[in-house]
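As a plain string of letters, each chain reads:
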Amino acid sequence: MRSTSRSPDRPLAGGLRRRLPAPRRLVAVWRASLQLRVVTLTLLASAGVVAVLGVVLVGQVRDGLLAAKTRAALAEASAGLLSARTQLAAADRTDPRALGPLLDRLTRTLANRGGEAGLYEVVLLPGRDTTDVAGGSGRASNDILPASVPPRLRRAVVEGRRQAHTYTRLWYADGRGEPGLVVGAPLTVAGGDYQLYQLFPLRQEAQTLSLVQRTAAFAGAGLVLLLAAVAWIVTRLVVIPVRLAARTAERLAAGGLDQRMLVRGEDDLARLASSFNRMAENLQRQIRQLEELSRVQRRFVSDVSHELRTPLATVRMAADVLHESRASFDPAAARAAELLQAQLDRFEALLVDLLEISRYDAGAASLDAEPVDVRTLAHRAVDVCLPLAERRGSALRLELPPAPCLAEVDPRRVERVLRNLVVNAIDHGEGRDVVVRMACDETAVAVTVRDHGVGLSPDECRRVFDRFWRADPARARSTGGTGLGLAIAREDAHLHGGWLQAWGEPGGGCNFRLTLPRRAGMELVRSPLPLRPPDARRAVTLAPGVRRT
Amino acid sequence: MKGRVLVVDDDPALAEMLGIVLRAEGLEPSFVADGDAALAAFRAVKPDVVLLDLMLPGTDGIDVCRQIRAESGVPIVMLTARTDTVDVVLGLESGADDYVVKPFKPKELVARVRARLRRADEPTPEELTIGDVTIDVAGHVVSRAGTPIALTPLEFDLLVALARRPRHVFTRETLLEQVWGYRHAADTRLVNVHVQRLRAKIETDPEHPRIVVTVRGVGYKAGVPAADAQHQPLA
């Protein structure tokens, strides 16, 4: 049975089927159709049973026919032999010249006798050590060939000196052959040994048998076809509802939550339908609940956003006005205005990041993908960070491929990811170089941001994307990052179906790699850039969990 | 210099603060706190720029924006607390020229308002063609085969920017700088939405634009003038 979990590969299988060579196509059809399998197996099994039955039946009929014929033929042969002996006894034994015509007559008479077993032919052959007194090698009635007598029978008659019989094929002078029964017996004529063979044609029996065989074959074939038809109808009765169920399940899986099956009667299929419907009902209710929850959550985030931002906008402007005129304040008030201004920046950044991450939590983040040359995004992200890098004494190096790297991405989000990575690298880079590398192949584009600062242990690499996580709590916050930057960056990467991974070694700096599919919705298989930078100091094997982002 | 600004915002503190900042810049703000009263206030004040909060009691900001746009091309700058694509795009599609996300710095807001005011100042007598459309820059008239096409000032500026340098491909960032007056890279959705609005008005078939042409992965450029376009199939 085709399970619903297999259904997604059906279109694929269908597509392949057209291109497959014939035998594999047959295998595919065979695997795909329950009905075909049932009908074929029924056909094969019933054909086997019918064939065995037919062989046994025909064998029985043949044995019966032959037994009756043999009984009659043996009786007839004995009577013929007796008559021949009587005739020979009555004949003149002294005249050798009369012997030839006598034997001729004898052969003819016997052949004309006929009887219960029908007409038969006669062959009279001389014995091995008997010279035929009448000349010739033997006599045969009508146009039967003496060669019809099998040598094996002849030996049995000569050596056994008694009556024997066998089935064989009778041959005639005109080339005709037919099945027959040969009964042979020794006959003494004028002191010489002869064998008298009576050959009974089995024409009638053969005809009867072939009629029986034909009838049996036709009846068998009819029976097999009938069984196949019955199997086809029965499986149809079962398979059609199952196929309907599969189709409904596929539609349900594709998001048609209000898909239901038709419940008819009270049989097993009806039970299947009603439990399927119950399952769909539960599924639908739960999904609705989740959707409602997510909607409420999104609404809440949006409301909080608005409610917080409006007063914050007023505060922000007020602080700005104060800041502008701080020259006319006394020193304490002026410093207070400066602090207010600076901390408002931080507060704002934190609010923005919090709202962004809660948007992700609510599943409300949407991708605005458009084809963009990712190099320009890297350029922009680096440009924005130049002043910060200058303050920290880090040189920013950009290694971009010469050709454009077009990818379907959300430029706002990707630029934000790159900015976050670069700021993070400058922040932990201890004033050393920060290198942004980029590469792309047919399927993916990758950007790595490498710093040569304090680095991370493999364990820290796993936690670096956690919210509000800090590598060293004792270290002072330098740039006043919100602690959410990398968490958001990772969510941004996931939204694209991409990867964001971290590599690091204590004392050897870090390397963050962003890999994005070039076409939206495409599955990533590999990244054009290695996560372990070529200038890594030690061969460090990463814990497997780190690769999975 | 013109400088009447209509502030449509229901938060009294923010409105007052906006008033302080705008007056400090030499602009003349007037205020309305209710969406339902916004259109009447707009007709009474005849502002040069509208600052419009998207969340309002009564008629909401999006509808107010549509109402104003229906009778005037006056520049509208939205104030929004929402940065979600749907909210921003909805606001832009309803006719806003630009938007500022709360909380904003006073300088940023003033820069946006000034950018919207400045545009009308330097008309030069000039006639441009783009596709089969002619632009009379001084007269602020765009027409196809003598039939005028109504555009908002911003859409007009966008079209003129493209038409002045035919065959030049403009990135979205360049357009943001030239048309909107952003000095730093900002939200390119502004450009996308306004190009769509512009196309809806000037293209004969907006599905297959011939006047504002997309250059995949880069930006936009002006379509080929009508005379050239006729020769193109032969080439």
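Just so you know, these numbers come straight off a predicted model, no measurement behind them. (Residues numbered from 1 in each chain as written. Chains lettered and ligands numbered in written order. Predicted model: local features only at pLDDT ≥ 70, side-chain atom pairs only at ≥ 80, totals over all residues.)

J.: Is there a simple way to explain the overall build of chain B in this structure?
T.: When its secondary structure is counted, chain B shows 9 helices and 12 strands. The buried share of chain B, reckoned over its 235 residues, is 38%. (Helix = DSSP H or I, 4+ residues; strand = E, 2+ residues; numbered from the N terminus. Buried ≥ 20, exposed ≤ 12 C-beta atoms within 10 Å, placed from the backbone.)

J.: Help me understand the sheet that holds strand β7 (residues 396-399) of chain A, please; the structure alone is not making it clear to me.
T.: The strands that make up a sheet are held in pairs by hydrogen bonds between backbone atoms, and each pair lies either parallel or antiparallel. Residue and element names in this part refer to chain A. Pairing is mixed in the open sheet, where 5 strands are placed in the order β7-β9-β10-β12-β11. Every interior strand has two partners, whereas the edge strands, β7 and β11 (499-505), have only one. On average, adjacent strands in this sheet sit at an angle of 15° to one another, irrespective of strand direction. Note: strand β9 (residues 434-440) against strand β10 (residues 444-451), 7 bridges, orientation antiparallel. Each residue of the ladder has a partner; that of R437, found in β10, is T448. Helix α10 (residues 411-428) rests against β9, β10 and β12 (509-517) of the sheet, and its axis sits at about 20° to β10. (Pairing = 2+ DSSP bridges. Axes fitted to C-alpha atoms, helices over the stretch in contact; angles between N-to-C directions. Contact = placed C-beta atoms within 7 Å.)

J.: Teacher, can you tell me more about the packing of helix α6 (residues 153-164) of chain B against helix α7 (residues 172-180) of chain B here?
T.: A pair of packed helices can be characterised by two numbers: the angle between their axes and the separation between those axes. Residues and elements named next belong to chain B. α7 packs onto α6 with a crossing angle of 125° between their chain directions and a minimal axis gap of 10 Å. When the interaxial angle is binned, α6 and α7 end up oblique. The two elements α6 and α7 meet at a crossing, and its hand is right-handed. In this structure, α6 uses L154, D157, L158 and A161 to contact α7, whose residues at the interface are L175, Q178 and V179. A class-by-class count of the residues in the contact of α6 with α7 yields 5 nonpolar, 1 polar and 1 charged. (Parallel < 35°, antiparallel > 145°, perpendicular 65-115°, else oblique. Left-handed = near helix turned anticlockwise from the far one by under 90°. Nonpolar A, V, L, I, M, F, W, Y, C, P; charged D, E, K, R; others polar.)

J.: Quick question: what am I supposed to make of the interface of chain B and chain A here?
T.: A common measure of how large an interface is: the accessible area buried when the components associate. Contact residues are listed per partner, giving 20 residues for chain B and 24 residues for chain A. Take the side of chain B that touches chain A: its biggest share by element is 5 residues, from helix α1 (residues 12-24) of chain B. Taken together, the residues of the side of chain B that touches chain A break down into 11 nonpolar, 3 polar and 6 charged.

J.: Is there a simple way to think about the nonpolar core in this case?
T.: Nonpolar side chains in soluble globular proteins tend to end up buried together. Judged by nonpolar contacts, the single largest core of 63 residues is most densely connected at B:V8, B:V50, B:L51, B:L52, B:L159 and B:L162. Those residues in contact with B:L51 that sit more than four places away from it in its chain are B:V5, B:V7, B:V8, B:L18, B:V77 and B:L79. Formed by 49 residues, the second largest nonpolar core is a distinct cluster that contains A:V436, A:M438, A:V447 and A:F465. (Core = buried A, V, L, I, M, F, W, Y, C linked by C-beta atoms within 7 Å.)

J.: Whenever I open this one, helix α12 (residues 485-495) of chain A confuses me. Can you help?
T.: Count 3.6 residues to each turn of an α-helix, and residues three or four apart come out pointing the same way. All names here are of chain A. Counted residue by residue, α12 has 9 buried out of 11 residues, so it is predominantly covered. Turning to α12, its buried residues number three or more, namely G485, L486, A487, I488, A489, R490, E491, D492 and A493. The elements touched by buried residues of α12 are α8 (331-361), α10, β11 and β12. Among the residues trailing α12, G497 stands out with phi positive, at a value near 75°.

J.: Help me understand the sheet that holds strand β1 (residues 121-126) of chain A, please; the structure alone is not making it clear to me.
T.: Residue and element names in this part refer to chain A. Taken in spatial order, the 5 strands line up as β2-β1-β5-β4-β3 in an open sheet, and their pairing is antiparallel. Strands at the two margins of the open sheet, each flanked by one partner only, are β2 (139-140) and β3 (164-171). Examined bridge by bridge, β1 and strand β5 (residues 192-201) share 6 bridges and lie antiparallel to one another. Looking across to β5, one finds that V122 is bridged to Q198. Strands in contact with helix α3 (residues 34-90) are β3, β4 (177-189) and β5; relative to β4, the strand with the most contacts, it is inclined by about 35°.

J.: How do you make sense of the packing of helix α2 (residues 35-45) of chain B against helix α3 (residues 61-71) of chain B when you look at a structure like this?
T.: Residue and element names in this part refer to chain B. As a packed pair, α2 and α3 sit with axes 9 Å apart at the nearest point and diverge in direction by 25°. Taken together, the axes of α2 and α3 lie roughly parallel to each other. The element α2 and its partner α3 pack so that their crossing is right-handed. Where α2 approaches α3, its residues G35, A38, L39 and F42 are matched on the opposing element by G61, V64, Q67 and I68.

J.: How do you make sense of the environment of B:V141 when you look at a structure like this?
T.: All names here are of chain B. Here V141 lies in strand β8 (residues 141-144). By the C-beta count within 10 Å, which is 15 here, V141 ends up partly exposed. As a C-alpha pair, V141 and E127 span 14 residues in sequence and 9.8 Å in three-dimensional space. In this structure, V141 is in contact with D136 and P148, ignoring residues within four places of it in sequence.

J.: How should I be thinking about unusual backbone geometry in this particular structure?
T.: What is expected of a backbone is that most residues other than glycine have negative phi and most peptide bonds are trans. Residues and elements named next belong to chain B. Omega for the bond connecting K102 with P103 falls within 30 degrees of zero, at -5°, which places this linkage in the cis form. Looking at the secondary structure, you find P103 in the loop between β5 (98-101) and α5 (106-118). One non-glycine residue with positive phi stands out, namely K46, at about 50°. Mapped onto the fold, K46 is located in the loop between α2 and β3 (49-53). A residue is classified by how many C-beta atoms lie within 10 Å of it, and K46, with 10 of them, is exposed. Positive phi values are uncommon outside glycine, yet R167 reaches one of about 75°. Classification of R167 by C-beta neighbours within 10 Å gives exposed; the count is 7.

J.: Help me understand the confidence of the model for chain A, please; the structure alone is not making it clear to me.
T.: The predicted coordinates should not be examined in detail at positions where pLDDT is low. Residue and element names in this part refer to chain A. Confidence in the prediction for chain A averages 82 pLDDT; 87% of positions are at 70 or higher. Across chain A, element-level confidence peaks in β10 with a mean pLDDT of 93 and bottoms out in helix α13 (residues 544-547) with 42. Segment residues 1-17 is flagged for pLDDT under 50; beyond a separation of four residues in sequence, or across chains, it makes 13 contacts in the model. Within the model, pLDDT remains below 50 along residues 540-549, and this stretch shows 17 contacts once partners closer than five positions in the same chain are excluded. (pLDDT = per-residue confidence, 0-100.)

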